[in-house]
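Architecture and fold: a report
The chain contents come next:
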Amino acid sequence: MNVDVAVLGAGMAGLGAADELQTLGRSVAVIEGASDVGGLARGIRVAGTAIEPYYHHVFPQDVETLAVVTRLGLANALEWSAAPMGILHAGRVHPFDSPLDLLRFPSFGLVDRGRFAVASAVQLVRPDRQTLNARSAVVEGTRWYGRTVFDALWRPLLEAKFGTYADEVAMAWLVARIRQRAGGRRAGGDRLGYLVGSLGRLAQAFADDLRRRGVSILVGNPVTALHMRDGSWTVEHQGGTVSARAIVACLAGGILARLVELPVPYRDRILAIPYRGIVCALVELDHPVSPYYWVNVTDRIGLGCVGIIEHTNFVSREHYGGATLVYLAHYVGEEDVACTASPDELLAAVEPSLRVLNPEYDRHWVRDVHVSRDRFAQPVPIADGPMASLSVRTGLRGLYHASLAHVYPHDRGISKAIGVGREAARLASAELTITG
């Protein structure tokens, strides 16, 4: 097969790149190692219905996602709902939705509450991007919030998500999360969006639309090597080869570095970015566990569980045959026990906290536990690290790179993935125009 551009990976970045390239008049082939499209947002079957293996929702300000949803005729399937949040702290659960809830947080005294309010307001507007990139959230966060507030609220969340890297995470990442939540409230109140039938449905519709427009999408074909000869790229994959004038690689940096000899400066930058994996247990139950959609966990529980996300407090249980669906999220390093824990072990470790949320919880409520794992789910945004200035240009002619590390300082998300895929695609197409 010969095309203008080969896109490696059919996650949302890859689909966004392919869409942009086809719109610009380029012939495109998408090559995906997994058996289906969507990446972290693919669909699986649970309780007879499609759902993501890892929790997802749409913020009101996610313009890239909303544009694709509308264009593919799925806007009527996008439901907006209240998404109540809580925080599990010191063995108790507390509401965690509004500024008033935060000011009532029991670990804060009067001075702490005032400082929290002022510090949070400043983070929403401060323009000093260089400082935010260079300083760690631990140092800068403690300076603004004070040790009591930071240690009670932010430090446990950083440690749960980033493990041994918690002290190195850039303040820019934490500020981006604060702004994301505040921006969602400004745009849509406390509502979040969810596509009935899962975001895997969106990925499938996206892929089907691309195929109708002439884009080849090859799934179940892991890429094994990339070679450039005489100004043209050869993509070797499990099912054969694809020849292309340019490549947009929507892969984690460590994977790309194994496929091709990259220029040393770029290779060293991407290999300097550590990754945290995710282990997510999706639990089917007969009864609801709590009134919350999302419970942030500051206590050290459940093999490092960082979040208890009761999906059916956000999306009606009617869509899942009346079952309650709860995600138990763990961010892990390769050495963490959760990496290899069985479904029963993951559930058992979190059950004491489920009983905090609902004293009546009983193991007999559990119908099934579905476990999903991904090694490269979360790049670590290290202060003064390579992510702040990471380019989609690799330094090799015709090779562009669009990964989760490129959306810094933002966290991973559907909209950001589509956006960075489109950016890399536009640059690849522009180079083809120049080189002829």
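These figures come from a predicted structure and were not determined experimentally.

What counts, and at which threshold
Residues numbered from 1 in each chain as written. Predicted model: local features only at pLDDT ≥ 70, side-chain atom pairs only at ≥ 80, totals over all residues. Heavy atoms only, no water. Salt bridge = Lys/Arg side-chain N within 4 Å of Asp/Glu carboxyl O. Helix = DSSP H or I, 4+ residues; strand = E, 2+ residues; numbered from the N terminus. Buried < 20%, exposed > 50% of the residue type's maximum accessible area, 1.4 Å probe, protein only. Axes fitted to C-alpha atoms, helices over the stretch in contact; angles between N-to-C directions. Parallel < 35°, antiparallel > 145°, perpendicular 65-115°, else oblique. Left-handed = near helix turned anticlockwise from the far one by under 90°. Contact = heavy atoms within 4.5 Å. Nonpolar A, V, L, I, M, F, W, Y, C, P; charged D, E, K, R; others polar. Core = buried A, V, L, I, M, F, W, Y, C linked by side-chain atoms within 4.5 Å. Pairing = 2+ DSSP bridges.

Some remarks on the pattern of salt bridges
Within this structure, the stated rule accounts for 26 salt bridges. The salt bridge involving arginine 126 is made with glutamate 140; its shortest N-O contact spans 2.7 Å. Here the residue arginine 126 occupies a position in the loop between α4 (110–125) and α5 (129–134), and glutamate 140 occupies one in helix α6 (residues 137–145), the gap between them amounting to 14 residues. Glutamate 140 matches arginine 126 in its accessibility class, with the two residues each being buried. Among the ionic pairs, aspartate 268 bridges to arginine 267, the shortest N-O distance being 3.0 Å. Residue classification places aspartate 268 among the partly exposed positions, given a relative accessible area of 39%. In this structure arginine 267 comes out as partly exposed when scored by relative accessible area, which is 32%. Each member of the salt-bridge network shares a partner with another, and the members are Asp19, Glu20, Arg71, Asp209, Arg212, Arg213, Arg422 and Arg426.

Structural notes on the packing of helix α1 (residues 12–23) against helix α13 (residues 414–435)
The N-to-C vectors of α1 and α13 enclose an angle of 40°; their axes lie 7 Å apart at closest approach. Our classification of the angle between α1 and α13 gives oblique. With respect to the hand of their crossing, α1 and α13 are arranged in right-handed fashion. Two secondary-structure elements touch here, α1 through Met12, Ala13, Gly16, Ala17, Asp19, Glu20 and Leu21 and α13 through Ile414, Ala417, Ile418, Val420, Gly421, Arg422, Ala425, Arg426 and Ser429. Here the contact of α1 with α13 is composed, by residue class, of nine nonpolar, three polar and four charged.

Regarding unusual backbone geometry
For residues besides glycine, phi is generally negative; the peptide bonds are generally trans as well. In this chain, tyrosine 408 is followed by proline 409 through a cis amide linkage whose omega measures 5°. Residue placement: proline 409 occurs in the loop between β18 (399–401) and α13. The residue alanine 47 is not glycine, and still its phi comes out positive at about 55°. The topology assignment puts alanine 47 in the loop between β3 (44–46) and β4 (49–51). For alanine 47, a relative accessible area of 25% corresponds to the partly exposed category. Phi angles above zero are rare outside glycine, and aspartate 230 is one such case at about 55°.

Quick notes on the nonpolar core
In terms of nonpolar packing, the biggest core is built from 59 residues, with Leu8, Phe116, Trp154, Leu158, Leu226, Val235 and Ile247 touching the most fellow members. Here the element with the most residues in this core is helix α7 (residues 147–162); it accounts for eight residues. Among residues more than four places away in sequence, those in contact with leucine 8 are Ile31, Val223, Leu226, Val235, Ile247, Val248, Ala249, Cys250 and Leu251. Formed by 45 residues, the second largest nonpolar core is a distinct cluster that contains Ala10, Val30, Val69 and Leu202.

Structural notes on the packing of α4 against α6
Where α4 contacts α6, the axes come no closer than 8 Å and their chain directions differ by 125°. By the angle class used here, α4 and α6 are oblique. Here Arg115, Phe116, Ala119, Ser120, Val122 and Gln123 of α4 lie close against α6, whose contacting residues are Thr142, Arg143, Trp144 and Tyr145. Class assignment of the residues belonging to the contact of α4 with α6 gives a composition of five nonpolar, three polar and two charged.

Here's the deal with the sheet that holds strand β6 (residues 85–89)
Adjacent strands of a sheet form backbone hydrogen bonds with each other and so pair up, either parallel or antiparallel. Reading across the sheet, the seven strands line up as β7-β6-β14-β15-β16-β13-β17 and stay open at both edges, with mixed pairing between neighbours. Edge positions in the sheet fall to β7 (92–95) and β17 (366–379), since each of these pairs with one other strand and no more. Each adjacent strand pair in this sheet contributes to an overall mean axis angle of 20°, direction not counted. In terms of strand pairing, strand β13 (residues 275–285) meets strand β16 (residues 324–332) through nine bridges, oriented antiparallel. When the sheet's bridge partners are listed, isoleucine 278 is paired in β16 with tyrosine 331.

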